[in-house]
Amino acid sequence: MITVLLAMSCWPREMEETGIIIINNGLDNQVQMRFFTNGLPSGQKMVSKTGKGEIFRGEDTARVVLTHQILQADSIVMVFDNKRLETHFLYTVEPKGHSLFKSDSYTHDGNTSTYTIDAKNYNNAIPCDGPCY
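Attention in this report is confined to the structure presented alongside it. (Residues numbered from 1 in each chain as written. Predicted model: local features only at pLDDT ≥ 70, side-chain atom pairs only at ≥ 80, totals over all residues. Heavy atoms only, no water.)

## Focus on the overall build of the chain
Looking only at helices and strands, the chain has three helices and ten strands in total. For the chain, the succession of helices and strands along the chain, N to C, is α-β-β-β-β-β-α-β-β-β-β-α-β. Expressed as a percentage of contacts within the chain between residues at least 6 apart in sequence, the contacts between residues at least 24 apart total 63%. For the chain, the exposed area adds up to about 8,100 Å²; of that, 55% sits on carbon and sulfur atoms. (Helix = DSSP H or I, 4+ residues; strand = E, 2+ residues; numbered from the N terminus. Contact = heavy atoms within 4.5 Å. Areas by Shrake-Rupley, 256 points an atom, 1.4 Å probe, with all protein chains shown as cover.)

## A look at the nonpolar core
Counting 22 residues, the largest nonpolar core has Ile23, Met33, Leu71, Leu100 and Ile117 as the members making the most contacts within it. Mapped by element, the contributors of at least two residues to this core are strand 1 (19-25), strand 2 (30-37), strand 5 (53-60), helix 2 (67-71), strand 6 (75-80) and strand 9 (112-117). If near-sequence neighbours (up to four positions away) are discounted, Met33 is found in contact with Ile23, Lys45, Met46, Val47, Ile55, Ile76, Val77, Met78, Leu100 and Ile117. (Core = buried A, V, L, I, M, F, W, Y, C linked by side-chain atoms within 4.5 Å. Buried < 20%, exposed > 50% of the residue type's maximum accessible area, 1.4 Å probe, protein only.)

## Topic: the state of the cysteines
Inspection of the entire model under this criterion finds one disulfide. Each sulfur in the disulfide pair Cys128 and Cys132 lies 1.6 Å from the other. Between Cys128 and Cys132, the disulfide has an S-S torsion of 95 degrees and is therefore right-handed. Accessibility expressed as a relative area gives 3% for Cys132, which makes it buried. (Disulfide = S-S within 2.5 Å.)

## A word on the environment of Asp109
Its location among the elements puts Asp109 in strand 8 (residues 107-109). The class for Asp109 is exposed, based on a relative accessible area of 62%. Residues Asp109 and Ile20 lie 89 residues apart in sequence; the distance between their C-alpha atoms is 10.0 Å.

## Here we look at unusual backbone geometry
You will see that Asn38, though not glycine, has its phi angle at about 55 degrees, which is positive. Relative to the elements of secondary structure, Asn38 occurs in the loop between strand 2 and strand 3 (40-41). The phi dihedral of Asn82 is positive, around 55 degrees, even though this residue is not glycine. Tracing the sequence through the fold places Asn82 in the loop between strand 6 and strand 7 (84-89).

## Here's the deal with the packing of aromatic side chains
Geometry of an aromatic ring pair is reported as the spacing of the ring centres plus the angle between the planes. Tallying each qualifying case throughout the model produces three aromatic pairs. Note on Phe80 and Tyr122: the rings are 5.5 Å apart at their centroids and 80 degrees apart in plane angle, and the pair reads as edge-to-face. Of this pair, Phe80 sits in strand 6 while Tyr122 is found in helix 3 (residues 119-124), placing the two residues 42 residues apart along the sequence. Taking relative accessible area as the criterion, Phe80 reaches 0% and is therefore assigned buried. A cation over a ring is seen here: Arg84 above Tyr122, with NZ or CZ 4.9 Å from the ring centre. (Phe/Tyr/Trp six-rings, centres within 6.5 Å; stacked < 30°, edge-to-face > 60°. Lys NZ or Arg CZ within 6 Å of the ring centre and 35° of its normal.)

What follows is the structure, encoded as structure tokens:
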């Protein structure tokens, strides 16, 4: 029994399966993502992408990969063209049906989960009264 435990604890980390989360901008708009925990900037720095393509990639080698652990936040604000914003919340799973924190909102291919920012996000976003910060 002790030998089995020792062997498991020496297992090379690179041999463990890695869960990967990718967030793509599917729009031609500029999208900024800002990450927060308890209302304060957290974990990831702000990321930004103008036009289509990958905006965020994160991975974890934990036995059970949780989206919020990779995103390192309990809320994420997406800002579109510095004019509209959409906020995603971990604990209330908002916005409903297309949340960054809900596994069903991702497409899954093996150990890779991909979320695509699309027209639904843009249409759900509310206009800012002045520039969005």
